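Working through the structure, step by step
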There are 4 protein chains.
Amino acid sequence: MSTVGHLINGQIVNDKNRTQPIFNPSTGDSTRQVALASKATVEQAIAAAQAAYPAWRATPPIKRARIMFRFKELLEQNADHIAQLIGEEYGKIQHDALGELQRGIENVEYACGAPELLKGEHSANVGPGIDAWSEFQPLGVVAGITPFNFPAMVPLWMYPMAIVCGNCFILKPSERDPSSTLFIAQLLQQAGLPDGVMNVVNGDKEAVDTLLRDPRVQAVSFVGSTPIAEYIYTTASAHGKRCQALGGAKNHAIVMPDADMDNTVNQLLGAAFGSSGERCMALSVAVAVGDAAADALVAKMAEAMKALKVGAYNVPSNDFGPVITAQHRDKIVGYIDSAEKQGARIVVDGRNQVVNGHENGFFVGGTLIDRVTPEMTSYQEEIFGPVLQVVRVKTMQEAMDLINAHEYGNGTCIFTRDGEAARYFTDHIMVGMVGINVPLPVPVAYHSFGGWKRSLFGDLHAYGPDGVRFYTRRKAITQRWPSAGVREGAVFSMPTMK
Amino acid sequence: MSTVGHLINGQIVNDKNRTQPIFNPSTGDSTRQVALASKATVEQAIAAAQAAYPAWRATPPIKRARIMFRFKELLEQNADHIAQLIGEEYGKIQHDALGELQRGIENVEYACGAPELLKGEHSANVGPGIDAWSEFQPLGVVAGITPFNFPAMVPLWMYPMAIVCGNCFILKPSERDPSSTLFIAQLLQQAGLPDGVMNVVNGDKEAVDTLLRDPRVQAVSFVGSTPIAEYIYTTASAHGKRCQALGGAKNHAIVMPDADMDNTVNQLLGAAFGSSGERCMALSVAVAVGDAAADALVAKMAEAMKALKVGAYNVPSNDFGPVITAQHRDKIVGYIDSAEKQGARIVVDGRNQVVNGHENGFFVGGTLIDRVTPEMTSYQEEIFGPVLQVVRVKTMQEAMDLINAHEYGNGTCIFTRDGEAARYFTDHIMVGMVGINVPLPVPVAYHSFGGWKRSLFGDLHAYGPDGVRFYTRRKAITQRWPSAGVREGAVFSMPTMK
Amino acid sequence: MSTVGHLINGQIVNDKNRTQPIFNPSTGDSTRQVALASKATVEQAIAAAQAAYPAWRATPPIKRARIMFRFKELLEQNADHIAQLIGEEYGKIQHDALGELQRGIENVEYACGAPELLKGEHSANVGPGIDAWSEFQPLGVVAGITPFNFPAMVPLWMYPMAIVCGNCFILKPSERDPSSTLFIAQLLQQAGLPDGVMNVVNGDKEAVDTLLRDPRVQAVSFVGSTPIAEYIYTTASAHGKRCQALGGAKNHAIVMPDADMDNTVNQLLGAAFGSSGERCMALSVAVAVGDAAADALVAKMAEAMKALKVGAYNVPSNDFGPVITAQHRDKIVGYIDSAEKQGARIVVDGRNQVVNGHENGFFVGGTLIDRVTPEMTSYQEEIFGPVLQVVRVKTMQEAMDLINAHEYGNGTCIFTRDGEAARYFTDHIMVGMVGINVPLPVPVAYHSFGGWKRSLFGDLHAYGPDGVRFYTRRKAITQRWPSAGVREGAVFSMPTMK
Amino acid sequence: MSTVGHLINGQIVNDKNRTQPIFNPSTGDSTRQVALASKATVEQAIAAAQAAYPAWRATPPIKRARIMFRFKELLEQNADHIAQLIGEEYGKIQHDALGELQRGIENVEYACGAPELLKGEHSANVGPGIDAWSEFQPLGVVAGITPFNFPAMVPLWMYPMAIVCGNCFILKPSERDPSSTLFIAQLLQQAGLPDGVMNVVNGDKEAVDTLLRDPRVQAVSFVGSTPIAEYIYTTASAHGKRCQALGGAKNHAIVMPDADMDNTVNQLLGAAFGSSGERCMALSVAVAVGDAAADALVAKMAEAMKALKVGAYNVPSNDFGPVITAQHRDKIVGYIDSAEKQGARIVVDGRNQVVNGHENGFFVGGTLIDRVTPEMTSYQEEIFGPVLQVVRVKTMQEAMDLINAHEYGNGTCIFTRDGEAARYFTDHIMVGMVGINVPLPVPVAYHSFGGWKRSLFGDLHAYGPDGVRFYTRRKAITQRWPSAGVREGAVFSMPTMK
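Each chain has its residues counted from 1, following the order in which its sequence is written. Written order decides the labels, with chains lettered from A and ligands numbered from 1. The model is predicted, so local features are restricted to residues of pLDDT at least 70 and side-chain atom pairs to those at 80 or more, both for listing and for counting; the totals for chains, interfaces and linings are taken over all residues. Hydrogens are left out, water is left out, and the side-chain values use all remaining heavy atoms of the structure.

1. What to know about the packing of aromatic side chains
Ring pairs shown here join Phe, Tyr and Trp side chains whose ring centres sit within 6.5 Å, with only the six-membered ring taken for Trp; geometry is labelled stacked below 30 degrees between planes, edge-to-face above 60, and tilted in between. Tallied over the entire structure, the rule returns 42 aromatic pairs over all chains. Note on B:Tyr159 and B:Phe169: the rings are 5.9 Å apart at their centroids and 50 degrees apart in plane angle, and the pair reads as tilted. On the criterion of sequence distance, the pair formed by B:Tyr159 in helix α6 (residues 153–164) and B:Phe169 in strand β9 (residues 168–172) is long-range, its members being 10 residues apart. A network of ring pairs unites the aromatic residues A:Phe71, A:Tyr159 and A:Phe169 as a single cluster. One cation-aromatic arrangement involves A:Arg487 over D:Tyr424; the distance from NZ or CZ to the ring centre is 3.6 Å. When the NZ atom of lysine or the CZ atom of arginine is within 6 Å of a ring's centre and also within 35 degrees of its normal, the charge is said to sit over that ring. Taking NZ or CZ as reference, C:Lys72 lies 4.5 Å from the ring centre of B:Phe69, over its face. Each helix corresponds to a stretch of at least 4 residues labelled H or I by DSSP, and each strand to a stretch of at least 2 residues labelled E; elements are numbered beginning at the N terminus.

2. A look at the interface of chain C and chain B
Each side of the interface is counted separately: chain C has 50 residues, and chain B has 50 residues. Note: buried area is the sum, over both parts, of the accessible area (probe 1.4 Å) each one loses when the two are combined. Surface buried jointly by chain C and chain B totals about 4,100 Å² across both partners, of which 63% is contributed by carbon and sulfur atoms. Salt-bridge detection follows one rule: a side-chain nitrogen of Lys or Arg within 4 Å of a carboxyl oxygen of Asp or Glu. If you look at where chain C meets chain B, you find eight salt bridges. Among the ionic pairs, B:Asp131 bridges to C:Arg423, the shortest N-O distance being 2.5 Å. Secondary-structure elements contributing two or more residues to the side of chain C that touches chain B are α2 (61–77), α4 (94–111), α5 (114–117), β7 (130–138) and α15 (419–428) of chain C. In what follows, residue pairs with any heavy atoms lying within 4.5 Å of each other are defined as contacts.

3. Here's the deal with the relation of the copies chain C and chain B
Put simply, the two copies of the chain differ by a rotation about an axis and a shift along that axis. Alignment of the copies relies on least squares applied to C-alpha atoms, considering only residues that score at least 70 for pLDDT in both. When chain C is brought onto chain B, the operation consists of a screw motion whose angular component is 180 degrees and whose axial shift is 0.0 Å, with 0.0 Å RMSD remaining. The superposition of one copy onto the other is thereby described by a two-fold rotation axis. Across chain C, the rotation axis passes nearest the C-alpha of C:Gly113, at a separation of 2.7 Å.

4. Here we look at the interface of chain D and chain C
Often, the extent of an interface is quoted as the loss of accessible area upon association of its parts. Each side of the interface is counted separately: chain D has 63 residues, and chain C has 63 residues. A combined buried area of about 5,300 Å² lies between chain D and chain C, and 49% of that area is made up of carbon and sulfur atoms. Across the chain D-chain C interface, the total number found is eight salt bridges. For C:Arg474, the salt bridge identified is with D:Asp466, shortest N-O distance 2.8 Å.

5. Some details on the relation of the copies chain D and chain C
Once chain D has been moved 0.0 Å along the axis and rotated by 180 degrees, it coincides with chain C to within an RMSD of 0.1 Å. Comparing interface residues between copies, 100% of those in chain D also lie at the interface in chain C; the contact surface is shared.

6. Brief notes about the pattern of salt bridges
The full count for this structure, using the stated rule, is 152 salt bridges over all chains. With a closest N to O distance of 2.8 Å, A:Glu340 and A:Arg351 form a salt bridge. Placement of A:Glu340 in helix α12 (residues 326–341) and of A:Arg351 in the loop between β15 (345–348) and β16 (367–370) is noted, with a sequence separation of 11 residues between them. The class of A:Glu340 is partly exposed, set by a relative accessible area of 42%. Looking at A:Arg351, the relative accessible area reads 13%, which means it is buried. Residues participating in the shared-partner salt-bridge network are A:Glu116, A:Lys119, C:Glu121, C:Arg469, C:Arg474 and D:Asp466. Working definition: with a 1.4 Å probe on protein chains only, accessible area under 20% of the residue-type maximum means buried, over 50% means exposed, and in between means partly exposed.

7. Structural notes on the sheet that holds strand β4 (residues 19–24) of chain C
Residue and element names in this part refer to chain C. Two strands are counted as paired when DSSP detects at least two bridges linking them. In spatial order, the strands read β1-β5-β4; together these three strands make up an open sheet with mixed pairing. What marks the edges here is a single partner per strand, and that holds for β1 (2–4) and β4. Strand-to-strand twist across the sheet, computed as the mean angle between neighbouring axes with direction ignored, equals 40 degrees. Relative to strand β5 (residues 29–35), β1 runs parallel, the two sharing three bridges. Bridge assignment links Ser2 to a residue of β5, and that residue is Arg32. Along the sheet, helix α3 (residues 79–90) makes contact with β4 and β5, crossing β4 at roughly 100 degrees. Only the stretch in contact is used when a helix axis is fitted, and all axes are lines through C-alpha atoms; the angle between N-to-C directions ranges over 0 to 180 degrees.

8. Structural notes on the pairing of strand β23 (residues 472–480) of chain D
Of all nine residues that make up β23(D), eight are buried, and the element is covered over most of its length. In the sheet, strand β20 (residues 433–436) of chain C pairs with β23(D) via four bridges, with the strands oriented parallel. Within β23(D), the position partnered with C:Gly435 by the bridge is D:Thr478. As paired elements, strand β7 (residues 130–138) of chain D and β23(D) share nine bridges and run antiparallel to each other. Paired with D:Glu135 across the two strands is D:Lys475, which belongs to β23(D).

9. Considerations on the sheet that holds strand β1 (residues 2–4) of chain B
Residue and element names in this part refer to chain B. Read from one edge of the open sheet, three strands run β1-β5-β4, paired in mixed fashion. The open sheet is flanked by β1 and β4 (19–24), the only strands paired with a single partner. Sheet twist, expressed as the mean angle between neighbouring strand axes with direction ignored, is 40 degrees. Where helix α3 (residues 79–90) meets the sheet, its contacts fall on β4 and β5 (29–35), and the angle it forms with β4 comes to roughly 100 degrees.

10. Brief notes about the packing of helix α1 (residues 39–58) of chain D against helix α8 (residues 205–213) of chain D
Residues and elements named next belong to chain D. Here α1 crosses α8 at 45 degrees, and the two axes come no closer than 9 Å. The angle between α1 and α8 places the two elements in the oblique class. The two elements α1 and α8 cross, and the hand of that crossing is right-handed. Where α1 approaches α8, its residues Lys39, Val42, Glu43 and Ile46 are matched on the opposing element by Glu206, Ala207, Thr210 and Leu211. Side-chain classes follow a simple rule in which Ala, Val, Leu, Ile, Met, Phe, Trp, Tyr, Cys and Pro form the nonpolar group, Asp, Glu, Lys and Arg form the charged group, and the remainder, Gly included, forms the polar group. Of the residues that constitute the contact of α1 with α8, the class distribution is four nonpolar, one polar and three charged. Here the word oblique covers every angle except those under 35 degrees (roughly parallel), over 145 (roughly antiparallel) and from 65 to 115 (roughly perpendicular). Each crossing gets its hand from how the near helix is turned against the far one by less than a right angle, where anticlockwise is left-handed and clockwise is right-handed.

Given below as structure tokens:
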């Protein structure tokens, strides 16, 4: 059984005292294991990053950016292999894995613009003969801790920007599906990055806590669940680090009576069930305004769901694959059970999904639940599975009140034709990412990603312009040159007069 | 004895169960007292702010800004009275109090530009027919906690920007000199601010902790000492709030051998002793490169210090006044004692400063200490008094290493004529605010104020562009309009043809 | 009869060899005359501006901005008097004159943000040890030539920004209603502007041509009709000057079948007839999509127009006043005649408007013309009077094709509820200023004003961010400091060791 | 003899009725000819561009940018071949041709950031419920006319940015060395650009005038000599086009007495003689402050020039090659003659440069002339050859007055160590591109290139941020949605209540 190791100072390092199996969720088998880094191994990575920092910091941004140009090429050339690795360890269908990778590449493309993005502000003559300007300088060694559900994309939200800003990076990816992440990091080495600038340590809490506590680490980016995000943020902050920690979500779509229902159903299908609903931007609650809209929505959705294909990652025609672990499958099923018990109506039931030839895979079928109410457990908590719940309300304001009352505020969407409804929603909804007829309003790479309320801890959102600010710190310079220098000196200026 | 109360929902409120005397540091007398807000009083202010928020948030930024235009006028018209109040309770000489106020007004001027500063980013056609934009929306109720040494300026760093961004504000100023702060807040009411948008609660730890823990407060700005800043940041963060907490400093100036020494001494005089050195940007350590520079610096500085005038706030010709309390005076004297014991040379001794007619005032004279070394207590800690220490080094690199090794990184300065020295210093010094021949490099209001290392906890600096980001949160919108609407509808377009 | 003179170098100057009467369009009487500047007088103004330039350019932007803060106060304090002057010479009703002034004040408010607006871009480390930045420096002496219809607002689009950027200004306002313009310029003097920075010369073509040809004038801003704009642009360009010349318009509103017709009529009423239609943003053509919409629009508009009150400027309840001259009144009437002859239907006829007690005033009543077609003279040319023409089309695309085919492209609007229609319109219409249910989409002061096609000659729009760019030029600096300077010098660093 | 044709609508087109020979300046031979486009051929290109425009405009910026990513790769892969083509037709030594290409690639890299660069400004709530934003939309068909001396770089200043902004482009390169330019354009096709978006027409005045007059061409960028630039600007402006026309230069370096003379000489060597001085940024005048500096400069420069190697393009160790034509060689020699006659001292004389084996090549050797004065013809006009002239002055102010009095204001530089001298120079020099110890201060690709005075006609500089503005126009949108839409509608919201 092969072991996935670490990337430290440009070398693959194995740290075999502790390992953990990696599963193929489509089959339930395990054929690889991952090394779990000890504190010493993580410190070795930190030391490598620290050593690489002075030279990397002094490298002009345009030269740093050119490595990202080459990295983009390599990612595109190796896309199929990356998708294969994601599929093997996480079960994502190829088209979806390629889509994830493409979103990640867009962050690399954005990082290529570093010289523009790092521009500071210059003010001439703030006082007589006095100039002032601000520079955005790198932080030093920074770390990222990333989740299993986007092993390619989420790391690419972080380190291309961090590195192009002049920082050195240590990535702790999910230990469940580390191979694609590691492979991608090696491509960055291949693109010409100096050793030590980018490091990957696989591991668990020991690795995480080392990163959170080591004084050489200046900043931590995290994406995962809200309880862990809160722990990461509090711990990192208490250790004097800059931190942004992105947590859970419960994303609602409001379906207005004037929505084009066929389009709405079509959009929701992908947004609710794509990647088995294991996305922090998955659309898991549809709030229908008026029973007429609700009835139409449920009927059309149930019909459309008949065509959904669930199965192994390597069958391209499948719509979505297994969930990450057997435990997680059981948890999802438990939420469906609870909804049923608490009075909701299971319109389409994915609890007993069987995939022929993959009977041990961790599958849950697409599930549609109607007449869900805010008191139900399945409404209050993040399910992170292929389950779409329908809540019925009488007015748009009631729908918005529901969303604003939820503890999460990651993404949301409204389906309507009406400009006024869209504008009111956009203005007043307490959610960080808003879609107008766009069910997965993940901001493009040149805007920034971030939820509100308990979906994000920290001031600055991920990637895009906020990413630049997160991975740099402001230095303000004020400059006055004293008079009576060489310009005004008399000695040289009139030598022939004496 | 009059009592300074609170400003809640547009009304002065007195909360008399607990009070504390306010001293006139120039005389040592107390003629006023300040009400210390109970938890209930603070909650009353929070409730008022919360109630005022929806209408204020919906007020167009340009209308919010126009109140700041009027506020600026009122501040200018009332400058002398404000300076008088500062002098009475803190001892700052009038010219210095007016200077502080002017710096504060500059932040109001900056806030007048809100419509420009709040612009979001708009991207047309991020995909076919899809647009995306980011808005910067207010946070809600936010709080500020400010120190005694700038009772006018530091609050004005915070609330004009917070309010113009659409937030409602609760200010907890220093309980030692609250009168000018409260008076200024009343001018803002007079400028037309709706009741409840701006509130002032005087108080102590009870008030602070209420603000830090109440879930309705979304963000906290703090300026004070590093231990308190760290407490504020950790507590506010743990309660889910955005926080920026500015702490202590130990600001060094490097004096290069090519510096114009007369100019250098003249600049250092104000930067070291102005406001009795009770400034987080006070220049408290001069690092002379080479003994020749050191000898010249010490000799000329000692000579120049003979002309320094110390005394009561209301004598305009005085250079600086008393320190804030008798206890603080004793603490400063203790630092001078320790330096002497640890081997430094007291060149000018301000320990037994007597001001005729003000024998009970809290005075310390300007003090110059030579041959200070990094091991000395007086070097390691922030003195916050009129004490300039000289450290002698052999090279510029040694000087920079000293600065970079210090736990604080607020401000610093280099005196030189040489472009290369200045540029190297600017690039490599680990300090947030850098002066080139500018000893107090406080950024102008349209840049941002912030130290590095343990001088600031948080991502975003104070006031200026970072202030805008601190007091707003990003909302990213992605929009697509479905086809088959009124534009393409055939029904209406040819009604007369059928 | 009093004479309106010039403001040169801080003094009112009279240049009496040539004068021209000023009329009160509400009565047809003339009680004042205006001096028409000779070439020599204009050159005197240019010389004054040139002399004032070096000191003004060296004044820090924040100090320049503070004069604009005071200017805003003075404008607000003198609003009624300004409105009175506008009314006397141009006939604008007070509420409209105050509205115009308010829009002008908003440009002054924007100019108060000069320190932020003038920030350049700074790039550290563009190469090893090399920094680069761009500054936006003033041009020198610049000129503005402005029309009669906004004697307060249009000049305020120009000179506050020009001046705050560090330029000196010469304004040539309309000779028909110069008094309010001159009075406002005097208020700027009163606000503390140094003599010579702002100058006003009244005059005609002689003055204009002097400004266009004098090599000391670096840039010219113009607002007026298209033929003159083209002349100004070509002449100024040929004389090496930067120029922006805003010309005529024919602004269309598309009325979609789903538009709220009551709201639409209400909006169009002000947009078509306000200020007698003598606005370059007046909405003069309504394009109704479908006959049902057209019929409803015409019927409701005709009804609403019954309440329009036309009369003298000093009756506050009037909706609009006279047009600027008797000749212009006759020209407008001629356009209505031609439409009638060419087959359009005059629904409401304002040709014989009589205002009791003001029988000699230059009045035209609100006029509504239906079934106008693109071939008609009244459609092709700018009428600049209180005339709304209705064109009937079958589809939205046909409406857009009409607009895109017109030689002008200043402003336009669509009335609809449908998000898709609005977005398609915004994206594809060839017009510089677009309203969605906003009939007069004059950009706010912090965006920029400008038409497309033959409505504007030049690259940069007026006021707002483009105004800053127009009144400054970019200077790009690249800086490297050679090594072996004082930082690395050994001589001084160890003098005592040898 | 092969013929270089045009690239129209993705195809190479030959238009053989008129041709002109292309020379190899290193040998004086001609082995190729270039087709000179007729008016009809140019109109064919315009039509192709016009036809390609709607689809290209609608392509999302990120997709347009991705073609530039691929273009960069292809340029890098084909660098040697491009350098070979440049060498054959223009004589540039390979290292210099590769340097030129690299600078061009940097503009392609910048264009890759299009989605960031095209962001507009968004303002929520400019009034109650009213939003406003500005978009930067493409112009349509735009043209570029480029000079012989940078056949790779200058076109790359223009069309990558124009195209990525959504425009279609027609390039008219120099007819003296068109092959590298055409080859590069073909690489862009190969990168995936749709046919018709990029077109190249070779030609002379007939082609130029067609582009300047055709109403379908919206904008023209030009780089060349000042008389032609002025013609282009005036003609294009008179035909309603946006235009930026970059002309000639006379770039001065001030050598201060404190300059490091060895470094200065080393820098000037490349800046004066590189590419035979045929660069608009060539440093052609050294102004020495004080005779001591002048004497040292002249002596060291004369010594250093002994090592200069002049010869054919294909000998890599050569420093520079021939000039473009025999006529131009004679013109340069004529300038040296005139300086000699007018009293200057020819220190190093390159007039009779012979290159063995290339006796018919168009060579001029490096020439140094001392004691040049402002009255001399060689000082007043642009020589555009490998000639460095030294002017001696007594003070820095005198040096600056000289520069400010010259009709050109393209680039300039100061050599000094002194921060104050550099800052004063930067602030007050009337030149668009300024170097501090950087003799060729060509702005990096993310700043913008442009001279002042008669070195540039137009408002906006070339490439960088100004390039984005030049190739787009601002559209300002103001939006309000009427109430009483689906959000507030009662019909659907309480269907169960009836």
